[in-house]
Amino acid sequence: MSRCEPQTKPKQEKRFQGIAVAPGIAQAQVVIHWVDDEEIPQRAITAEELPEEIARFESALIATRAELLEIQQRISDAIGSKDASIFDAHLLVVEDRTLIDEVLRGLEKDHQNVEAVFHKVAECYCRTLGEIDDPYLRERVVDIEDVARRVIRHLLGKAPRNLASHDSRHIIVSHNLTPSDTASINRSLVLGFVTEQGSKTSHTAIMARSMDIPAIVGLHDICSHLNSGDDVLIDGYSGILILNPTPETLQEYGGIELKKEAVEEKLELIRETSSTTSDGRHIILSANIELPEELEDVTASGAEGIGLYRTEFLYLNRTTPPDEEEQYENYRLIAERSKPHSVIIRTLDIGGDKETGSLDLEEEQNPFLGCRAIRFCLQNPEIFKTQLRAILRAAAVGNVRVMYPMVSGLEELRRANAVMEECKQELRQRGAEFHPDPDIGVMIEIPSAALCADHLAREVKFFSIGTNDLIQYAIAVDRVNDRIAHLYEPTHPAVIRLLKIVVDAAHKNNIWVGVCGEMAGDIQLIPLLLGLGVDELSASSSVVPRVKKAVQSLSLPTCQRLADEVLALDTASAILTRCIEVAHSHYAELLD
Ligand code: PEP
Ligand code: MG
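Below or above, wherever it landed, is the structure these notes cover. Sequence order sets the numbering: in each chain, residues are counted from 1 along the sequence as written. The naming scheme follows written order: chains are lettered A onward, ligands numbered 1 onward. A pLDDT threshold of at least 70 governs which residues receive local features in this predicted model, and a stricter bar of 80 or more applies before side-chain atom pairs are shown or counted, although totals over entire chains, interfaces and linings include all residues. Computation of side-chain values covers all heavy atoms of the structure but excludes hydrogens and water.

## Comments concerning the environment of Leu155
(1) Moving on: Looking at the secondary structure, you find Leu155 in helix 6 (residues 135-155).
(2) Moving on: Taking C-alpha positions, Leu155 is 52 Å from Gln524, a pair spaced 369 residues apart along the chain.
(3) Moving on: Residue contacts for Leu155: discarding those within four places in its chain leaves Arg56, Phe57, Ala60, Val114 and Glu115. Note on conventions: DSSP H or I runs of at least 4 residues are helices, E runs of at least 2 residues are strands, and numbering of each starts at the N terminus. Here, residues are in contact when the closest pair of their heavy atoms is within 4.5 Å.

## Some points on the site of ligand 1
(1) Moving on: Think of it this way: one heavy atom of a residue within 4 Å of a molecule or strand is enough to make that residue near it. Taken together, 17 residues form the shell around ligand 1, and within it His203, Arg310, Arg346, Asn468 and Arg479 come nearest.
(2) Moving on: Nitrogen and oxygen atoms within 3.5 Å of one another constitute a polar contact, given that in protein one can donate a hydrogen and the other can accept it, and given that sequence-neighbouring residues count only through two side-chain atoms. Contact between ligand 1 and His203: an oxygen atom at 2.8 Å from a side-chain N or O atom of the residue.
(3) Moving on: At a separation of 3.4 Å, an oxygen atom of ligand 1 approaches a polar backbone atom of Gly466.
(4) Moving on: All accessible-area figures derive from a Shrake-Rupley calculation using a 1.4 Å probe, and residue coverage is judged against the displayed protein chains alone. Against a free-state accessible area of 290 Å², the protein chains account for coverage of 100% of ligand 1.
(5) Moving on: Elements with a minimum of two residues in the shell around ligand 1: helix 8 (203-211), strand 10 (306-310) and helix 17 (467-475).

## Things to note about the packing of aromatic side chains
(1) Moving on: When the centres of two rings from Phe, Tyr and Trp lie within 6.5 Å, Trp using its six-membered ring, the rings pair. Their planes under 30 degrees apart give stacked, over 60 give edge-to-face, and anything left gives tilted. By the definition in use, this model includes four aromatic pairs.
(2) Moving on: Aromatic side chains Tyr309 and Tyr331 sit 6.1 Å apart centroid to centroid with 80° between the ring planes, which places their arrangement in the edge-to-face category. With Tyr309 in strand 10 and Tyr331 in helix 11 (residues 324-338), the pair connects residues that are 22 residues apart, well separated along the chain. The exposure classification of Tyr309 matches that of Tyr331, with both residues buried.
(3) Moving on: Ring centres of Phe384 and Tyr404 lie 6.3 Å apart, and the angle between their planes is 65°; this geometry places the pair in the edge-to-face category. Between buried and exposed lies partly exposed: a residue is buried under 20% and exposed over 50% of the maximum accessible area for its type, with that area taken using a 1.4 Å probe on protein chains only.

## Focus: the sheet that holds strand 9 (residues 284-289)
(1) Moving on: If DSSP finds at least two bridges between two strands, the strands pair. Taken in spatial order, the eight strands of this closed barrel run 9-10-11-12-13-14-15-16, and their pairing is parallel. Across the sheet, the mean angle from the axis of one strand to that of its neighbour is 25°, orientation sign disregarded.
(2) Moving on: Bridge analysis of strand 14 (residues 462-465) against strand 15 (residues 512-515) gives four bridges, and the strand direction is parallel. Residue pairing across strands places Phe462 opposite Trp512, the latter belonging to strand 15.
(3) Moving on: An axis is simply a line fitted to the C-alpha atoms; with a helix, the fit covers only the stretch in contact. Between two such axes, the angle follows the N-to-C directions and lies from 0 to 180 degrees. Its contacts with the sheet place helix 13 (residues 381-395) against strand 11 (343-346) and strand 12 (400-404), and it is angled at close to 155° to strand 12.

## With respect to the pairing of strand 8 (residues 240-243)
(1) Moving on: Residues of strand 8 alternate between two faces, with Ile240 and Ile242 on one and Leu241 and Leu243 on the opposite face, all of them buried.
(2) Moving on: When strand 1 (residues 14-17) meets strand 8, the two strands line up antiparallel, connected through four bridges. Bridge assignment links Phe16 to a residue of strand 8, and that residue is Leu241.
(3) Moving on: In this structure, the hairpin formed by strand 7 (residues 231-235) and strand 8 is closed by a connection of four residues, where Gly239 is found at a positive phi of approximately 80°.

All quantities given are derived from atomic positions and should not be read as evidence of function.
Right, dumping it as structure tokens:
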């Protein structure tokens, strides 16, 4: 916790280098986001100290209430009273007589300091409510936990923490942000974010790109160099954070922004055009989404539908998983709004760096190698079936395809398909409308699946290569560990060989193959992917126009020559250099 404690405030301009993960330039004041839970001090109190502890408790409740009212007011002024009303439930918690009386009784009985007693009572409350079979009450657990953290901070005399409590535009700086934190960011007020941890393909970075918020990760120890309120500029193209930017720096960045805007304006002109190479090969260009709110960006980007809907974000920031009806409505809406294009709904990929209180996920030593995605679904068939039924029903309304994540081989695919058949049977018995035979595909993101792609290709309609995971598993480099981020090399010869095996197996079996990992949005690597023969690219909406421009600027023979050439090279850097040379000679303006 103490890592983010305010320290001395530098006056001079200072630059810090991190990893650029989402493009754009932003300048605003810093808000340090406190991430870790407070350590609760435990000490015995005497009978004489009791009145003082009660008084401290009452003051903390009053301060928390004032804090909540202030946040509510600020949010209401900034974005409207509807969003601010989420704090109504929090206010009820600070006024809850049963909870307050229980703390007062605990103080008298336990002879312990108020932080310890209050923490114990709040925890007990949350546990009890969490066990009740009532979704509304279980949702309240999140409110109580949040209020309890605020009360404890007031008792400890510390400043409040909040991701949503600032009414002016700001840049979030934090040791780490979880995908759930990022999903709860207010896009109109958060101009950018910076974390000490993380890497390019962590889900938090992917979210930043989808939300079109400039972001830098891997900026070690940055919290100890900054204070909330400091003026910073972040450059999401190069990964530089500038503290106290001078007027000259601001002018320099003003020029850079103008140049970028000119490129964006040109890209806007090709929005309605097709992503076809100069020699006439159409490459399907679709978008990845995490939240339905991104649908507008998808349309604006000129993408042909959705190549990857990461449905697990529906399960985050809540205490109970979404039921079939909620999921059906969500998938139906997305499918309808994507017409005439298709939507590839990826089934739940929970685990790894995505955790949620709504599912019973056990703690694991190696979560990325653990009970993640299809493995979790096959071990929890009721959760899986709820989702599959919702998808089958939505497929009756729109052009929906289904994709299983983290499939390691044929048996897993067959087991998932068997559950799908059970779901069809259940829907039939219920008399519900559903699509009897939507296209089913798999993500190729585990080396075993890539090496056995010929087996899988015979039993699916398409492949989508998840390069984010394929790279981490092929090179054994944790995709979220910033200490080894330099080893995470998309152009590693082993990765290129795996890609070739997958594309060839798909085409030999007459199915199409796409790439939906971040490689698909990396314009340096588009020539290589086209040369290897991929049929579809799916990337964050924010990069779709650039990818389209890259595709239109290339010819297939040029790309194929590049692919042949790099398949014979033996280092990641040599392959990358050749890719950059080809990209540079065809669309230098996108790379500068
Ligand atoms: C991937 O692994 O490349 C992918 C697209 O899935 P995710 O990033 O959600 O793991
Ligand atoms: Mg993946």
